[in-house]
Amino acid sequence: MKLKTSLFVFALCCAAALHAQEIVIPQARYKTGDKPEWKNNVLDDESWISLDTSREWDFQGIVDNEFGYGWYRMRVTIPSSMKKADVLKKALLVDLGSVDDSDETYFNGKRIGKTGTMPGDPEGYKGRSGTPRRYLASPFLVHWDGENVIAVRVFNGGGRGGIFGGPVRVRMATVADMTEIAFKEEDRHCSVSVSSPFKFKGSLTLRGLDLESGAVIDGGSTTEGSLQVPCDPGRPVQWTATFTEAKSGQEAVKSFIPKYILTPEAPKSPRYNGPLVFGVRPGSPIILRLAFSGQRPMTFAVEGLPDGATLDAREGVLGGRVTLPGDYPLTLVAKNAFGTTRQTIRLRVGDKIALTPPMGWNSWNCWGLSVSQEKVLSSARALLEKGLADYGYHYVNIDDAWEAEERNADGTIACNEKFPDIQGLGEWLHAHGLRLGIYSSPGDRTCGHYLGSLGHEKQDAETYNAWGVDYLKYDWCGYAREFAKSADKSVASYVRPYLKMEEFLREQPRDIFYSLCMYSKTAEVWKWGHAVDANSWRTTGDILDVWGSVCNIGFAQQAPLYPYSQPGHWNDPDMLVVGKLGWGETLRHTRLTVDEQYTHISLWCLLAANLLIGCDVAQMDEFTVALLCNNEVLAIDQDPLGRQARPVIVDGEIQVWSRPLADGATALGVFNLSPEVRKVDLVRYLSQLGLSGTLRDLWRQKDIAPGESLIAPHGVKLLKIK
Ligand code: GAL
């Protein structure tokens, strides 16, 4: 902290001096393609175009460089006066910001770093978009007071590409640049250690800030390089480690908040956590698992079942078909050794489904193209075993890569060898009150280059019905080629392929949730999604498990979209990025901090967003289960009024988002978008909004007195005012 404050003061008072220490490179020469000699200093790049180094090339007119290379070249004069700032006499730091997706960076012709791999590499392509790109160049490589060339070879594996998050900067490395302070958290054992390739000597001190009481905690000090960090799963505590290098006195500082669980433990007696209203079309099969938590065994009864509806009393699954439209109040009764609970919900038999946003799981953010039936089943089982199904997570959606290489001779679609019995999978899911989801594209190919539905829409809709599919994610992707061929670029030409599939889906004798995946900004799908009777539509490109992505998608991109969301038709800001993810064979923990995860879930619930878990449920830890299974938080997402939140106060980096609820109360999210702990005055915000009444902390599930409150970096207070 100290270091940051002093830097800030320094920046205010000595801007000129700071300028001399850091060179900002806002523009670079750019060329699409790939030639080894483009790394060399001697090269005529005058005819290359000029690009901004802080935004991906897609925003600057390079729109067709998908799965391709591009090179950036920057010429920079580095004054020898910069050497004076080189306290460490070690190295020059080249900070690119980030790169989408892989890069190889050269300084005066010599490679100084590489992140991710490229298709020509022995291991094949692996992108690392979003991770920082900071490389070191030896001072011996630098042409002091002369021209230097930084050349960056970029490979874009899909979507956006290029250098972003900058501008590119060059300065002498400091102790902070050259030191890694690493917090480790494993099974409730936390530690912090400091390391540097330069083997610095110095002291490491640790200080804690209890974010609920405001108390400061002394965590000790050492010259040995590592310390134990107390990690209490019941309280949010921010630990700040400061390393002070002995010779220069320069500091490196890093803060960390160990996992803490806010969701209270569920009672052993039955508790209903599901939606209060459920829509089904007349004559369509009802598949509804009664979402009660509590100790098993549990038995179920339902009062007021209309003709045609059935109950599996042991499994707690409503089934059957009701042909007569109507609004049927059902009293659900769940009983176990600890008590009996009754809950009234409404079964609405009519022309609308998805009266609350869909909840469940999707294979993409974990398994990517490596998905298999076995992996899907494993997550489905875990939804049941870990109790997530008792909170309403019922859809089990297979994303791309289930399709066979070729269609059957009669033109019908088939599964590849990784899915030996999709119909059997559907039957198993339905028997447990879960639902089956699938993925396709209106184009000839999907994003993963599998078969799409173009020209086979009717057949595919019929096959989905035969397999027992309850959810279709229909992804624009390969249709971009059809779109490019046609001169018609009107909104109608975006709508057409989606309308076509809708027609055939609706002919099927079952309810198939229709999820549009359409991310072209010009298409503005939220304005016409309901016209193709879509139940949800993606409002953004693909989400990543980094703050920049969650923050940009969740706050900036959703803010103007609240008028378009309503029961039956939801904005979809993409799937959840908590738990173990990987978009492929190997999984790792989400890169979001614990508070970024609380913000992600709180915001998605306020947004009335689809809640599709993106991680492997079988490997889900206790923290993530608690994060996803807070009934009061989920009740905001599932609120029957279905009104999406919007920002009502923007106070610097604090944003307050609010949505009205069916019971007359208001849900509020107070978000701290800054990377520092912030103190907020809830009384002031409430009076600004003209709100008064009982204030409830939804994560803690307890009433609180309004007052001042500390909010973690990128963290949230989720409240309900009644
Ligand atoms: C993308 C889509 C992802 C995933 C992927 C599959 O276009 O946005 O969510 O479905 O395709 O290839």
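In case you missed it, the structure is sitting above this.
Residues numbered from 1 in each chain as written. Predicted model: local features only at pLDDT ≥ 70, side-chain atom pairs only at ≥ 80, totals over all residues. Heavy atoms only, no water.

Caption draft 1: Focus on the overall build of the protein. The secondary structure content of the protein amounts to 14 helices and 45 strands. Relative to the globule expectation of 27 Å for 722 residues, the C-alpha radius of gyration of the protein, 27 Å, shows essentially globular dimensions. C-alpha atoms of the protein, sized along the principal axes, occupy 85 × 65 × 45 Å. Expressed as a percentage of its 722 residues, the buried residues of the protein come to 57%. (Helix = DSSP H or I, 4+ residues; strand = E, 2+ residues; numbered from the N terminus. Rg over C-alpha atoms; globule rule 2.2 N^0.38 Å. Buried < 20%, exposed > 50% of the residue type's maximum accessible area, 1.4 Å probe, protein only.)

Caption draft 2: Just the pattern of salt bridges, in detail. Going through the model one piece at a time under the given rule, you end up with 49 salt bridges. R407 is paired through a salt bridge with D460; the nearest N and O atoms lie 2.9 Å apart. Within this pair, whereas R407 is found in the loop between β29 (395-397) and α6 (422-431), its partner D460 is found in helix α7 (residues 457-467), the two being separated by 53 residues in sequence. In this structure D460 comes out as buried when scored by relative accessible area, which is 1%. Residues joined in a network through salt bridges with shared partners are E22, D95, R134, R169, R171 and D177. (Salt bridge = Lys/Arg side-chain N within 4 Å of Asp/Glu carboxyl O.)

Caption draft 3: Structural context of the side chain of S363. Tracing the backbone shows S363 in the loop between β28 (359-362) and α4 (364-367). S363 gets classed as buried once you look at its relative accessible area, which sits at 0%. Apart from residues lying up to four places away in sequence, S363 is in contact with G368, V371, N397, I398 and D399. (Contact = heavy atoms within 4.5 Å.)

Caption draft 4: Molecular detail of the site of the ligand. W364, D399, D400, Y439, C447, G448, K473, D475, C517, Y519, R538 and D542 make up every residue found near the ligand. The contact in question runs from an oxygen atom of the ligand to an N or O atom on the side chain of K473, over 2.8 Å. Against a free-state accessible area of 310 Å², the protein chains account for coverage of 96% of the ligand. Taken together, the residues of the shell around the ligand sort by class into 5 nonpolar, 1 polar and 6 charged. (Near = heavy atom within 4 Å. Polar contact = N/O pair within 3.5 Å; in protein donor to acceptor, adjacent residues only side chain to side chain. Areas by Shrake-Rupley, 256 points an atom, 1.4 Å probe, with all protein chains shown as cover. Nonpolar A, V, L, I, M, F, W, Y, C, P; charged D, E, K, R; others polar.)

Caption draft 5: Highlighting the state of the cysteines. Under the criterion given, the structure shown has 2 disulfides. One disulfide bridge connects C190 with C231, the sulfur atoms lying 2.2 Å from each other. As the torsion about the S-S bond is roughly 105°, the C190-C231 disulfide counts as right-handed. You can see C190 sitting in strand β13 (residues 189-195) and its partner C231 sitting in the loop between β16 (226-229) and β17 (237-245), a full 41 residues away along the chain. The class for C190 is buried, based on a relative accessible area of 3%. (Disulfide = S-S within 2.5 Å.)

Caption draft 6: A look at the nonpolar core. With 110 residues, the main nonpolar core has Y393, W402, Y514, W528, W604, I613 and L628 as its most contacted residues. If one sorts the elements of this core by residue count, helix α11 (residues 594-606) sits on top with 7 residues. Taken domain by domain, this core gets at least three of its residues from each of domain 4 (359-642) and domain 5 (648-721). Ignoring sequence-local partners within four residues, the contact set of W604 consists of I543, V550, I553, G554, P573, D574, L576, A609, N610, L611 and D637. Judged by nonpolar contacts, the second largest core, of 29 residues, contains L51, L96, V152 and V154. (Core = buried A, V, L, I, M, F, W, Y, C linked by side-chain atoms within 4.5 Å. Domains from an automatic or database assignment.)

Caption draft 7: Main features of the sheet that holds strand β27 (residues 339-349). On the basis of which strands lie adjacent, the open sheet formed by 4 strands has the order β20-β27-β26-β23 and mixed pairing. Edge positions in the sheet fall to β20 (277-280) and β23 (299-303), since each has one partner strand and no second. Taken over all neighbouring pairs, the strand axes of this sheet differ in orientation by 30° on average, direction set aside. (Pairing = 2+ DSSP bridges. Axes fitted to C-alpha atoms, helices over the stretch in contact; angles between N-to-C directions.)

Caption draft 8: Quick peek at the pairing of strand β15 (residues 216-222). Note: strand β14 (residues 202-210) against β15, 5 bridges, orientation antiparallel. Bridge pairing in β15 links T205 to S221. The antiparallel hairpin formed by β14 and β15 contains 5 residues in its connecting segment, where G214 sits at a positive phi of about 85°.

Caption draft 9: Looking closely at the packing of helix α5 (residues 373-385) against α6. Relative orientation of the contacting elements α5 and α6 amounts to 0°, with a least axis distance of 11 Å. Relative to α6, the element α5 lies roughly parallel. Contacts between α5 and α6 pair Q373, V376, L377, A380, R381 and L384 from the former with I422, L425, W428 and L429 from the latter. Per-class residue counts for the contact of α5 with α6 are 8 nonpolar, 1 polar and 1 charged. (Parallel < 35°, antiparallel > 145°, perpendicular 65-115°, else oblique.)

Caption draft 10: Quick look at the sheet that holds strand β25 (residues 317-320). Ordered by their spatial adjacency, 3 strands build an open sheet running β21-β25-β24, and the pairing between neighbours is antiparallel. Single-partner strands in this sheet number two, and they are β21 (288-289) and β24 (309-312).

Caption draft 11: Spotlight on unusual backbone geometry. The step from D100 to D101 runs through a cis peptide bond, and the omega angle for that step is 15°. Assignment of secondary structure puts D101 in the loop between β5 (92-100) and β6 (102-107). For H714, which is not glycine, the phi dihedral falls at a positive 60°. You can see H714 is positioned in the loop between β44 (708-711) and β45 (716-721). Since its relative accessible area comes to 13%, H714 is described here as buried.

Caption draft 12: Examining the packing of aromatic side chains more closely. Within the structure shown, the criterion is met by 32 aromatic pairs. Centroid distance Y395 to Y471: 5.1 Å. Interplanar angle 65°. Geometry classified as edge-to-face. On the criterion of sequence distance, the pair formed by Y395 in strand β29 and Y471 in strand β31 (residues 469-475) is long-range, its members being 76 residues apart. Here Y395 matches Y471 in class, with each residue buried. Aromatic side chains Y474 and Y514 sit 6.3 Å apart centroid to centroid with 45° between the ring planes, which places their arrangement in the tilted category. Highlighted residues: Y474 in strand β31 and Y514 in strand β32 (residues 513-517), separated in sequence by 40 residues. Comparing Y474 with Y514, the two get one shared label, buried. We note K489 situated over the ring of F483; from NZ or CZ to the ring centre the distance is 4.8 Å. (Phe/Tyr/Trp six-rings, centres within 6.5 Å; stacked < 30°, edge-to-face > 60°. Lys NZ or Arg CZ within 6 Å of the ring centre and 35° of its normal.)

Caption draft 13: Broad picture of the environment of D210. Tracing the sequence through the fold places D210 in strand β14. A residue is classified by how much of its surface remains accessible, and D210, at 7% relative accessible area, is buried. Setting aside chain neighbours within four positions, we find D210 in contact with A215, I217, R235, P236, V237 and L710. At 2.8 Å, the side chain of D210 and the backbone nitrogen of E212 are in polar contact. Engagement of the side chain of D210 in a polar contact is seen with the backbone nitrogen of S213, the distance being 3.0 Å.

Caption draft 14: Spotlight on the packing of α7 against helix α9 (residues 491-506). Direction vectors running N to C along α7 and α9 enclose 40°, while the axes themselves pass 9 Å from each other. Regarding the angle of α7 to α9, the classification is oblique. Pair α7 / α9 crosses with right-handed handedness. Judged by residue contacts, E457, K458, D460, A461 and Y464 of α7 engage K500, M501, F504 and L505 from α9. The residue inventory of the contact of α7 with α9, partitioned by class, reads 5 nonpolar, no polar and 4 charged. (Left-handed = near helix turned anticlockwise from the far one by under 90°.)

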